[in-house]
Amino acid sequence: RRQGERDELTLAAAMSLAQDAIKADSKASLAHAVLAEVYHHKQQFAKARDEITASLALQPGNAQCLRELALLSLIHGKADEALQNAETALKLDPEHYQSYTVKGVVELFKEQYETAAGLFDKASALGAPDSVLTVNYKFRAWIGLDQEDKIIAYCQQMMERADDRMKIILHYWMGRASSLK
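Draft legend 1. Region of the structure containing helix α6 (residues 97-109). Given a rise of 1.5 Å per residue, 13 residues ought to cover 18 Å, and the 19 Å separating the end C-alpha atoms of α6 matches this to within 8%. Three or more residues of α6 are buried, namely S99, Y100, T101, V102, K103, G104, V105, V106, E107 and L108. Check the buried side of α6 and you find it contacts α4 (63-75), α5 (79-92), α7 (113-125) and α8 (132-144). A positive phi of about 65° marks E111, the residue just after α6.

Draft legend 2. Highlighting the pattern of salt bridges. All told, the structure shown has seven salt bridges when counted by the stated rule. Between R67 and D93 there is a salt bridge, and its shortest N-O distance comes to 3.2 Å. In this pair, R67 is assigned in helix α4 and D93 in the loop between α5 and α6, connecting sequence segments 26 residues apart. Close ionic contact of D80 with K110 constitutes a salt bridge, the shortest N to O distance being 2.9 Å. Of the two residues, D80 is situated in helix α5 and K110 in the loop between α6 and α7; the sequence distance between them amounts to 30 residues. Taking the relative accessible area as the measure of exposure, D80 reaches 58% and is therefore exposed. When salt bridges that share partners are traced, they join D130, K138 and R161 into one network.

The rules behind these values
Residues numbered from 1 in each chain as written. Predicted model: local features only at pLDDT ≥ 70, side-chain atom pairs only at ≥ 80, totals over all residues. Heavy atoms only, no water. Helix = DSSP H or I, 4+ residues; strand = E, 2+ residues; numbered from the N terminus. Expected span 1.5 Å × (residues − 1). Buried < 20%, exposed > 50% of the residue type's maximum accessible area, 1.4 Å probe, protein only. Contact = heavy atoms within 4.5 Å. Salt bridge = Lys/Arg side-chain N within 4 Å of Asp/Glu carboxyl O.

This is the structure in structure tokens:
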């Protein structure tokens, strides 16, 4: 099967298990959080927000839920709320790279490029994987800071360990960065 089909089956299984857990115990915070992530992946953002809010009502200090709520708040155009949730998640879980990545994404969308770039660097230092999405965010912060040379250097460094798909993306970014200089 193709990856997309496997992903859909995994999401369907996760949704079914989470719904069963909530039927058995409506106070199952983790089940609400899982449902929120499934809805987020399915781009059903209002449902995702409802589920993550339910999870946080049951377990208010859950940094992962606050990170998810920050992203969902950003999607709903509530940047200040997103920043507040991202900051709280970072205070609660300062050793997890996702706390820095999520706060970086919020800062990026608020056009606070220097802050965002620093947060992405901290996430990398804590072991954040270089996915297409996270690299995209990092590059957008550098473009906002007029640091296109950083993009080119980063792409050249990553080229050695990149698979064919990632090499295409890196070549695209090098070309884009060169055209912006």
